[in-house]
Amino acid sequence: MTERGTVCLTFDFDAISLWAARGMTSPGPVSRGEFGAFAIPRILQLLDTYGIASTFFIPGHTLETYSAQCRAIHEAGHEIALHGYLHEPVSTLERETERAVLQRASALIEDLTGTPPAGHRTPSFDFTAHTVELLQEAGIEYDSSLMGTDCVPYLARTGDRHDPDGPYVFGPASQIVELPVSWTLDDYPHLEFVRTGTTVMPGLQDPHQMFARFLGDVRYMIRHTEGGVLTVTLHPQVIGRGDRMLALEEFIIGCLDLGVVLERCLEVGRRCRTQLETARQQPGKPA
Ligand SMILES: [Zn+2]
């Protein structure tokens, strides 16, 4: 950690699960997912060139379908964290299904790495009313799915209540550290072209401009937040193409030039948990 802050460069290795979860299993969408696996070696090579350790959030379906690529990610020193089994949109899951998905995906990660996962990101960046409780039960240390702050990690809450006829009621903080994300720091909506029925997500923006905006957020963090943490979400099937890889390399160089540290979520989450727990125990400080 430096006073100038930390960037967590994270990769959601969704591969085919992203499309299968939407019922899109014909060869076209499947091949879009396949490209994610094809791009893994070049992403690993880029990270190795700059000595960067990253976190890969990987659905169980990808762990089983592309076990060689996932093993290569682990053996290169990157962290593997939870991201559902078949990229399930978590908001649609019943409590017991959500728990079963967590258990199934956790077992697959432990089979590969020899260690239970410490981190979690929901597909679709949402929680149910049970998610935090289930994560605590599963021994998860940090999550990276919510957007309550930008570069200030916080403790996720349990037991929030929405009163349709009054103010929102915030539940107590849990022990799960939230490393916040944002669609503004996610390559998918910026770059990916998706047409489903009559809905079109245009994507296909200039990746150099996208990363220039990401770097603007890094500069703002350095200026305004001591020891901040900014989490960037990338997808191998999106970022792994030629010009986008060049733009990613420029972003990495830009971060290093600004003096921020690029770290795995695991180390950042553990450090933040200690800091947040200490702050919680000091009287007069908000949890
Ligand atoms: Zn995903």
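Residues numbered from 1 in each chain as written. Predicted model: local features only at pLDDT ≥ 70, side-chain atom pairs only at ≥ 80, totals over all residues. Heavy atoms only, no water.

## Some words on the packing of aromatic side chains
Inclusion rule: Note on aromatic contacts: the rings of Phe and Tyr and the six-membered ring of Trp form a pair at centre separations within 6.5 Å, being stacked when their planes are under 30 degrees apart, edge-to-face when over 60 apart, and tilted otherwise. Numbering of helices and strands runs from the N terminus; a helix is a DSSP stretch of H or I covering at least four residues, while a strand is a stretch of E covering at least two. Exposure is judged per residue with a 1.4 Å probe applied to protein chains only, and the accessible area is read against the type maximum: over 50% gives exposed, under 20% gives buried, and values in between give partly exposed. Geometrically, a charge over a ring is one whose NZ (Lys) or CZ (Arg) sits within 6 Å of the ring centre while staying within 35 degrees of the ring normal.
Taken as a whole and judged by the stated rule, the model has eight aromatic pairs. For the ring pair Phe35 and Phe38, a centre distance of 5.7 Å and an interplane angle of 45 degrees mean the geometry is tilted. Placement of the pair is Phe35 and Phe38 together in helix α2 (residues 27-49), with a separation of three residues, close to one helical turn. Taken together, a centroid distance of 5.1 Å and an interplanar angle of 65 degrees make the contact between Tyr168 and Phe170 edge-to-face. Looking at Tyr168, the relative accessible area reads 41%, which means it is partly exposed. The exposure class of Phe170 is exposed, given its relative accessible area of 56%. Three or more aromatic residues joined by ring pairs form one cluster here, namely Phe211, Phe214 and Phe251. Its guanidinium or amino end placed over the ring of Trp19, Arg22 lies 5.2 Å from that ring's centre, counting from NZ or CZ. Above the face of the Phe35 ring, Arg241 is positioned so that its terminal group lies 3.7 Å from the ring centre.

## Considerations on the packing of α2 against helix α10 (residues 242-258)
Quick note on the threshold: In this analysis an axis means a line fitted to C-alpha atoms, helices contributing only their contacting stretch, and an angle means the value between N-to-C directions, from 0 to 180 degrees. Comment on the angle field: the value is read as roughly parallel under 35 degrees, roughly antiparallel over 145, roughly perpendicular from 65 to 115, and oblique elsewhere. Here is the rule for handedness: rotate from the far helix to the near one, and if that takes an anticlockwise turn smaller than a right angle the crossing is left-handed, while a clockwise turn gives right-handed. Residues count as neighbours in contact if any of their non-hydrogen atoms are within 4.5 Å of one another. Gly falls in the polar group here, along with every residue not listed as nonpolar (Ala, Val, Leu, Ile, Met, Phe, Trp, Tyr, Cys, Pro) or charged (Asp, Glu, Lys, Arg).
It is at 11 Å that the axes of α2 and α10 come closest, and there the two elements cross at 20 degrees. Comparing their axes, α10 and α2 come out roughly parallel. Between α2 and α10 the crossing geometry is right-handed. Packed against α2, whose contacting residues are Arg42, Ile43 and Leu46, the element α10 presents Gly242, Met245, Leu248, Glu249 and Ile252 at the interface. Residues of the contact of α2 with α10, tallied by class, amount to five nonpolar, one polar and two charged.

## Some details on a nonpolar patch on the surface
In plain terms, the rule: Residues enter a patch when their relative accessible area is above 30% and they make no salt bridge; the linking distance is 9 Å between like charges and 5 Å between nonpolar side chains (Val, Leu, Ile, Met, Phe, Trp, Tyr). Note on areas: Shrake-Rupley, 1.4 Å probe, and residue coverage restricted to the protein chains presented here. Counted as salt bridges are all cases of a side-chain nitrogen of Lys or Arg within 4 Å of a carboxyl oxygen of Asp or Glu.
Side chains of Phe193, Val200 and Leu204 sit close together on the surface and give an oily, nonpolar patch of about 260 Å² of accessible area. Relative to the helices and strands, Phe193 is located in the loop between α7 (187-191) and β8 (194-196).

## A few points about the coordination of the zinc ion
Note the cut-off: Sites may look incomplete because water is not among the atoms; the donors themselves are N, O and S atoms within 2.8 Å of the metal, or within 3.2 Å for Na, K and Ca.
Coordination sphere of the zinc ion, protein contribution only: Asp14 (OD), Asp14 (OD), His83 (NE2) and His87 (NE2), at 2.0 to 2.5 Å. One chain supplies every donor for the zinc ion, spaced along it as D-x68-H-x3-H. Residue His83 is classed as buried on the basis of its relative accessible area of 2%.

## What about helix α11 (residues 265-281)?
As a reminder of what qualifies: One less than the residue count of a helix, multiplied by 1.5 Å, gives the span that helix is expected to have. Along the arc lie the directions from the helix axis toward the C-beta atoms.
Between its first and last C-alpha atoms α11 spans 24 Å; for 17 residues at 1.5 Å apiece the expected length is 24 Å, and the two agree. The set of residues buried in α11 consists of Cys265, Leu266, Val268, Gly269, Cys272 and Glu277. Down the axis of α11, the buried side of the element spans an arc of 155 degrees, and every buried residue falls inside it. Exposed residues lying more than 90 degrees from the buried face of α11 are Thr274 and Gln281.

## Brief notes about the nonpolar core
Counted only if it meets this: Buried Ala, Val, Leu, Ile, Met, Phe, Trp, Tyr and Cys residues form a nonpolar core when they are joined through side-chain atoms within 4.5 Å.
Core analysis: the biggest nonpolar cluster contains 68 residues, and Leu9, Val218 and Leu248 have the highest contact counts within it. Take this core: its biggest share by element is nine residues, from α2. Residues Cys8, Leu155, Val177 and Cys272 belong to the second largest nonpolar core, which totals 11 residues.

## Comments concerning the environment of Cys151
Mapped onto the elements, Cys151 comes out in the loop between β5 (142-143) and β6 (154-157). Judged by its relative accessible area of 4%, Cys151 is buried. C-alpha of Cys151 to C-alpha of Leu234: the two residues are 83 residues apart in sequence and 17 Å apart in space. Ignoring any residue separated from it by four or fewer positions in sequence, one finds Cys151 in contact with Met221, Thr225, Gly228, Val229 and Leu230.

## Brief notes about the packing of α2 against helix α4 (residues 67-75)
Each pair of packed helices gets described by two things: the angle between the helix axes and the distance between those axes. For the pair α2 and α4, the least separation of the axes is 10 Å and the interaxial angle reads 15 degrees. Accordingly, the angle class assigned to the pair α2 and α4 is roughly parallel. Along this stretch, α2 crosses α4, giving a crossing that reads as left-handed. Counted together, Ala37, Ile40 and Leu44 of α2 and Gln69, Ala72 and Ile73 of α4 form the full contact between these two elements. Class assignment for the residues of the contact of α2 with α4 results in five nonpolar, one polar and no charged.

## Points about unusual backbone geometry
Phi at His87 takes a positive value of approximately 55 degrees, unusual for a residue other than glycine. Position of His87 among the secondary structure elements: in the loop between β3 (79-82) and α5 (95-113). You can call His87 buried: its relative accessible area is 11%. Non-glycine residue Phe125 carries a positive phi angle of around 55 degrees. Classification of Phe125 as buried rests on a relative accessible area of 11%.

Function cannot be read off these values alone, since they describe shape.
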